[in-house]
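# Descriptive structure summary
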Amino acid sequence: KAGVTQTPRYLIKTRGQQVTLSCSPISGHRSVSWYQQTPGQGLQFLFEYFSETQRNKGNFPGRFSGRQFSNSRSEMNVSTLELGDSALYLCASSPGANTGELFFGEGSRLTVL
Amino acid sequence: GENVEQHPSTLSVQEGDSAVIKCTYSDSASNYFPWYKQELGKGPQLIIDIRSNVGEKKDQRIAVTLNKTAKHFSLHITETQPEDSAVYFCAANSGVEGNKLVFGAGTILRVKS
């Protein structure tokens, strides 16, 4: 079974631009979560989607948004990029609605200049 | 909300020795406690987990213990090998509906050969 796939793996943007990251979950998984990982803040929860509905949201500004499609694939968008948005963005999928088990992708490394 | 503290932040052991990483959590409603291993350039990988209805779980050289009364859980790695060198994260579910996890700050484990 293929794992969680995230694209692109690396990208460089400048301040003020916007970015869209994509995530394909493990086949059959309907829950997709997004995390931001930085050296200073560690792994921070962004949001979780289940069956196209956002179930939980972390403490991030409205510039961070996401969505999930009917095939469970998910995208997250960050608008008006700031230098502090440079991070590894991790997507994880889960086999159940409330199991807690998360299977992570390799991440998308975003650098904002 | 849930808060997870992890110690130590770095741990160096000689190959063949044991390594222990400890975490405490704050939300008494948490009932799922996974451990992740993250190697350089990769996403976190689930290595073992425990639910609140058991006190200990083993998988070959890895074991996890849980003390719900004290709200702490630990990862034990025996007979460490150089390939165990990585960053290890503990986590706890947030207690609300869904698959949200709150992560500890991580432990850098170095196994010296």
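Structure: see above.
Residues numbered from 1 in each chain as written. Chains lettered and ligands numbered in written order. Predicted model: local features only at pLDDT ≥ 70, side-chain atom pairs only at ≥ 80, totals over all residues. Heavy atoms only, no water.

All right, on to the state of the cysteines then. Inspection of every chain in the model, using the stated rule, returns two disulfides over all chains. Disulfide partner of C23(A): C91(A), at an S-S distance of 1.8 Å. Because the torsion about its S-S bond is -60°, the bridge between C23(A) and C91(A) counts as left-handed. You can see C23(A) sitting in strand β3 (residues 19–24) and its partner C91(A) sitting in strand β9 (residues 87–94), a full 68 residues away along the chain. Here C23(A) matches C91(A) in class, with each residue buried. Sulfur-sulfur distance for the disulfide between C23(B) and C90(B) comes to 1.9 Å. (Disulfide = S-S within 2.5 Å. Helix = DSSP H or I, 4+ residues; strand = E, 2+ residues; numbered from the N terminus. Buried < 20%, exposed > 50% of the residue type's maximum accessible area, 1.4 Å probe, protein only.)

Residue and element names in this part refer to chain B. Counting 25 residues, the largest nonpolar core has W35, F73, L75, Y88 and L109 as the members making the most contacts within it. Contributing elements (two or more residues each) for this core: β2 (10–14), β3 (19–25), β4 (32–38), β5 (45–51), β7 (62–67), β8 (72–77), β9 (86–93) and β11 (107–112). Not counting residues within four places of it along the chain, the set of residues in contact with Y88 comprises Q6, I21, Y36, K37, I47, L75, I77, G106, T107 and L109. (Core = buried A, V, L, I, M, F, W, Y, C linked by side-chain atoms within 4.5 Å. Contact = heavy atoms within 4.5 Å.)

Further remarks concern the pairing of β5(B). All names here are of chain B. Of the strand pairs in this sheet, β4 and β5 are connected by six bridges, and their pairing is antiparallel. Residue pairing across strands places W35 opposite I48, the latter belonging to β5. Following β4, the chain reverses through six residues before pairing antiparallel with β5; G41 in that reversal takes a positive phi of roughly 80°. (Pairing = 2+ DSSP bridges.)

Many descriptions give the size of an interface as the accessible area lost when the pieces come together. Each partner contributes residues to the interface: chain B has 18 residues there, and chain A has 23 residues. Across the interface of chain B and chain A, roughly 1700 Å² is buried in total on both sides, 50% from carbon and sulfur atoms. Among the residues chain B hides against chain A, the three largest losses belong to N99(B), K100(B) and F103(B). Together they make up 34% of the total. If you look at where chain B meets chain A, you find zero salt bridges. (Buried area = accessible area lost by both parts, 1.4 Å probe. Salt bridge = Lys/Arg side-chain N within 4 Å of Asp/Glu carboxyl O.)

Attention shifts here to the packing of aromatic side chains. The tally for this structure, following the rule as stated, stands at 13 aromatic pairs over all chains. On the numbers, 5.5 Å between centres and 85° between planes, the contact of Y35(A) with F103(B) is edge-to-face. Taken together, the positions of Y35(A) in strand β4 (residues 31–38) and F103(B) in strand β10 (residues 101–103) put the pair across two chains. On the basis of relative accessible area, F103(B) is assigned to the buried category, the value being 8%. Relative to F33(B), the ring of Y25(B) has its centre 4.7 Å away and its plane inclined at 45°; by these criteria the two rings are tilted. Each of the two residues, Y25(B) as well as F33(B), counts as buried. Taken together through their ring pairs, the aromatic side chains of Y35(A), F45(A), F104(A), Y36(B), F89(B) and F103(B) make up a single cluster. When the ring centre of F50(A) is taken as origin, the NZ or CZ atom of R55(A), which lies over that ring, is 4.7 Å away. (Phe/Tyr/Trp six-rings, centres within 6.5 Å; stacked < 30°, edge-to-face > 60°. Lys NZ or Arg CZ within 6 Å of the ring centre and 35° of its normal.)

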